[in-house]
Amino acid sequence: MRTIILGILIIFSMNSFSQKNDLQVKSNEKVLGKNLLNNSEIRGFEYVFPDRIEKTYLDTISGSLTVQLRGISKNGKYLDNFGNILLYDLKGKKLKWSKKIAYQASSLQQFSNTMIYTVGNKSKCLDVNTGNELWEVKNNIYYVDPIDNIGIGYRFKNLTGYSNELEGIDLKNGTVIWKRELNREYGWNDVFYVNDSTMIVVAAGLHAVNINNGSGWDYNTITGKKDYTETVVTNAVGVIAGILTGTGVIATGHNLVRDIVSNRLIDSSHIYFASKEHLAKVDKQTGKVIWESQLPSDLTSKSSIFMNDSLVLMVNKGFAFMGQRQLDFGKPFIAAFDNQTGKQKYLSIINEKKDPILGFHILNKEYYLVFKNRIAKYSLETGNLIKEMSFPEEEHGELKNFIGNHVYLTNESGDFSNLRQSDTTKVFVFTNKDKILSIDNQLNVAEIIDFENLNLYYLQTKNHKFLAKDGLTWIINNAGQKVAEIDATSKAVLIGTTLYDKKNDSFLAIDLTEIINVD
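This structure is a prediction, so every number in the text was calculated from the model and none was measured. (Residues numbered from 1 in each chain as written. Predicted model: local features only at pLDDT ≥ 70, side-chain atom pairs only at ≥ 80, totals over all residues. Heavy atoms only, no water.)

K.L.:
Lay out the overall build of the protein chain in plain terms, naming residues and giving numbers.
P.N.:
Counting its secondary structure elements, the protein chain contains five helices and 46 strands. Counting across all 519 residues of the protein chain, residues that qualify as buried make up 51%. Here the analysis covers contacts within the protein chain between residues at least 6 apart in sequence; of these, 46% occur between residues at least 24 apart. Here the protein chain displays about 24600 Å² of accessible surface, and carbon together with sulfur accounts for 47% of that area. (Helix = DSSP H or I, 4+ residues; strand = E, 2+ residues; numbered from the N terminus. Buried < 20%, exposed > 50% of the residue type's maximum accessible area, 1.4 Å probe, protein only. Contact = heavy atoms within 4.5 Å. Areas by Shrake-Rupley, 256 points an atom, 1.4 Å probe, with all protein chains shown as cover.)

What follows is the structure in structure tokens.
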């Protein structure tokens, strides 16, 4: 039944994408904030669309705004399957074109003047000015290099489906300009550049890809587990957790455990990278393996690595991802390796299979590890346990993670200060009861802070920071003093001296020239 429904959605999307819609966009100038330096109004424009805004893309040169509309069910729990794509001229205040889209079967990406619409197993390039189709390829484009105007994705074959044949596609005309075998069985974990023309794809290892011809080296390893059938224990990564730590999760697949990898760690010549099998040091220009250190494959999971003096340190967290779910996987451990030889200095298993590490913080040569109902402190030098403290759930709630460096606290005078920097002898952990616990070096709770006093720093100019709370943004100077109050969320972006944001069905353009023109 699911396959039939998906097929119907694909047919709908292919047939209806070219249809026109009589959609109306209203624009009006309004007060969207206050300049606290002179008590003057901050004005801007509001553009109201006929449904909830899912995504936007703004081309500031042409003044064109691409908007994807997607409504929500009456009970507010589900997103609609169908919506609309609009191109709106902000300068001329007129709708240029609109088309329908079936979201479960298709998607839209835009990079500068290149608009890629994918439906089923095909990617189409659309003319930005008209929405008309320019070309089509039998490929699901994964990634676009907007500078060289090349898209890359996997070739779809009628009999076998998506293959491991990666193609480079000239986005001017849809011509395939190179092909390359690149394993996709565990999905893509990351993409980054090591020079102007060479990108590294993290997918079942590390793969250098010259964006112009597809050439490059391969370091192959295992970064997932296929056909995983054990009972899934879900540990939801909530919205608040993602916001406060500054992290996010992108999930794919439904029977594949993925993300059994670390972050990449890069110095001037090398990439350090942990997989299910090894921690490796790889020459980033040639792909030569400088050293590999064996990891316990039955224990290894999602991990973080970082450099400390002459050591590569590893925190193995004891979880991985399946689809959009986080599940217990492997066992948590901490380890240290010599960065020149790869020789293991220690590997300390934290003997709690069903209690993954939710977060870690390094302070005074010690690991602070947070679990669901406890915090533990380990030596960075030896890997030995120093101290552990339990935190009853009925008293504090479930512990979630350490806060990121972008959480600011309002003080008694109304000014703002960075919470982590306010007392560098403490660590700060947030819970599912909207509390932040200030923890001293003996793992005692020194203070409890309410979320109500917190603001999230999301944007910075030379002389100002932007802090958001409850759909409102404060602009502060480098001394932490308020200079403006703006009707904008933490997803707002600053281009030039104009702040752009979306709220429900509205797109906002707020002129901040008087505030930040001194930058």
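K.L.:
Describe the nonpolar core, naming the residues involved and giving the relevant values.
P.N.:
Nonpolar side chains in soluble globular proteins tend to be buried together. Phe466, Ile475, Ile486, Leu499, Ile510 and Leu512 are the most contacted members of the largest nonpolar core, which totals 18 residues. Only strand 40 (454-460), strand 41 (464-469), strand 43 (482-486), strand 46 (506-511) and helix 5 (513-516) provide two or more residues apiece to this core. Among the elements that line this core, the one with the most residues is strand 43, at three residues. Beyond its immediate stretch of four places on either side in the chain, Ile510 contacts Leu32, Ile42, Arg43, Gly44, Ile486, Asp487, Ala488, Thr497, Thr498 and Leu499. (Core = buried A, V, L, I, M, F, W, Y, C linked by side-chain atoms within 4.5 Å.)

K.L.:
For the packing of aromatic side chains, give the residues involved together with the corresponding values.
P.N.:
Applying the stated rule across the entire model yields 13 aromatic pairs. Both rings, one in Tyr458 and one in Phe466, keep their centres 6.3 Å apart while their planes meet at 65°; by these two values the pair is edge-to-face. Site record: aromatic cluster; members linked through ring pairs are Phe45, Tyr47, Phe49 and Tyr88. Sitting above the plane of the Tyr457 ring, Lys465 keeps its charged end 5.8 Å from the centroid. Above the ring of Trp474, the side-chain terminus of Lys482 is found at 4.0 Å from the ring centroid. (Phe/Tyr/Trp six-rings, centres within 6.5 Å; stacked < 30°, edge-to-face > 60°. Lys NZ or Arg CZ within 6 Å of the ring centre and 35° of its normal.)

K.L.:
So, the sheet that holds strand 19 (residues 257-258): which residues are in play, and what are the values?
P.N.:
In space, the three strands of this open sheet follow the order 19-26-27, with antiparallel pairing throughout. The sheet is open, and its two borders are formed by strand 19 and strand 27 (325-328), each paired with just one other strand. Relative to strand 26 (residues 319-322), strand 19 runs antiparallel, the two being bridged by two bridges. Note on strand 26: the bridge partner recorded for Arg258 is Phe321. (Pairing = 2+ DSSP bridges.)

K.L.:
Explain the environment of Pro146 to me, and be specific about the residues and the numbers.
P.N.:
Mapped onto the elements of the fold, Pro146 is located in the loop between strand 11 (139-145) and strand 12 (150-157). Sequence spacing of Pro146 and Leu171 is 25 residues, and the spatial spacing of their C-alpha atoms is 9.3 Å.

K.L.:
Describe unusual backbone geometry, naming the residues involved and giving the relevant values.
P.N.:
Phi angles above zero are rare outside glycine, and Asn364 is one such case at about 55°. With respect to the secondary-structure elements, Asn364 resides in the loop between strand 30 (359-363) and strand 31 (366-370). Backbone geometry places Leu443, a non-glycine residue, at a positive phi of 65°. Mapped onto the elements of the fold, Leu443 is located in the loop between strand 38 (435-439) and strand 39 (445-450). Judged by its relative accessible area of 1%, Leu443 falls in the buried class.

K.L.:
Can you explain the sheet that holds strand 28 (residues 333-338)? Please cite residues and give values.
P.N.:
Pairing between sheet strands relies on hydrogen bonds along the backbone, with the strands arranged either parallel or antiparallel. Spatial ordering of the open sheet is given by 24-25-28-29, a layout of four strands whose pairing is antiparallel. For this open sheet the edge positions go to strand 24 (303-308) and strand 29 (344-349), each flanked by a neighbour on one side alone. When strand polarity is set aside, the average angle formed by the axes of neighbouring strands in this sheet is 15°. Two elements, strand 24 and strand 25 (residues 311-316), share six bridges in a ladder whose sense is antiparallel. Counterpart to Ser303 in the pairing with strand 25 is Asn316. (Axes fitted to C-alpha atoms, helices over the stretch in contact; angles between N-to-C directions.)

K.L.:
I'd like to hear about the pairing of strand 35 (residues 407-410), residue by residue, with values.
P.N.:
Both strand 35 and strand 40 contribute to a ladder of three bridges, which runs antiparallel. Paired with Tyr408 across the bridge in strand 40 is Asn455. Linking two consecutive strands that pair antiparallel, namely strand 35 and strand 36 (residues 416-418), is a turn of five residues; a positive phi of about 90° is found at Gly414 within it.

K.L.:
I'd love a proper account of the side chain of Thr66, names of residues and values included.
P.N.:
Residue position: Thr66 is located in strand 4 (residues 64-72). Overall, the relative accessible area of 4% leaves Thr66 in the buried class. Side chain to side chain, Thr66 and Gln110 meet in a polar contact 2.6 Å long. Every residue in contact with Thr66, bar those within four places of it in the chain, is listed here: Lys55, Thr56, Tyr57, Ile85, Leu86, Leu87, Leu108, Gln110 and Met115. (Polar contact = N/O pair within 3.5 Å; in protein donor to acceptor, adjacent residues only side chain to side chain.)

K.L.:
Lay out the side chain of Ser262 in plain terms, naming residues and giving numbers.
P.N.:
Following the sequence through the fold, Ser262 ends up in the loop between strand 19 and strand 20 (265-266). Setting aside residues no more than four positions away along its own chain, Ser262 makes contact with Phe273, Ala274, Ser303 and Ile305.

K.L.:
I'd like a rundown of the pattern of salt bridges, residues and numbers included.
P.N.:
Summed over all chains, the structure comprises 23 salt bridges. For the salt bridge of Asp259 with Arg258, the shortest nitrogen-to-oxygen distance reads 3.9 Å. Given the relative accessible area of 11%, Asp259 is considered buried. The residue Asp423 makes a salt bridge to Lys426 at a minimum N-O spacing of 2.9 Å. (Salt bridge = Lys/Arg side-chain N within 4 Å of Asp/Glu carboxyl O.)

K.L.:
Please provide a residue-by-residue account of the pairing of strand 4, values included.
P.N.:
The buried fraction of strand 4 amounts to eight of the nine residues, a majority that puts the element mostly inside the structure. Pairing analysis gives six bridges linking strand 3 (residues 53-59) to strand 4, with the strands arranged antiparallel. Among the inter-strand pairings, Thr56 is bridged to a residue of strand 4, identified as Val67. With eight bridges connecting them, strand 4 and strand 5 (residues 79-89) associate as antiparallel partners. Looking at strand 5, one finds that Ile72 is bridged to Leu79. What sits between the antiparallel neighbours strand 4 and strand 5 is a turn of six residues, in which Gly76 has the positive phi angle 75°.

K.L.:
Tell me what's going on with the environment of Leu134, and back it up with residues and numbers.
P.N.:
Within the fold, Leu134 resides in strand 10 (residues 133-137). For the pair Leu134 and Lys172, spaced 38 residues apart in sequence, the C-alpha to C-alpha distance is 8.9 Å. With residues near it in sequence (within four places) discarded, Leu134 still touches Cys125, Leu126 and Asp127.

K.L.:
Break down the environment of Met199 for me, with residues and values.
P.N.:
Examined against the element boundaries, Met199 turns out to sit in strand 16 (residues 198-202). On the accessibility criterion, Met199 (0% relative accessible area) is buried. As for Met199 and Val209, which are separated by ten residues in sequence, their C-alpha atoms are 5.3 Å apart. Excluding anything up to four places from it in sequence, Met199 contacts Tyr143, Ile152, Val191, Phe192, Tyr193, His207, Ala208, Val209 and Ile211.

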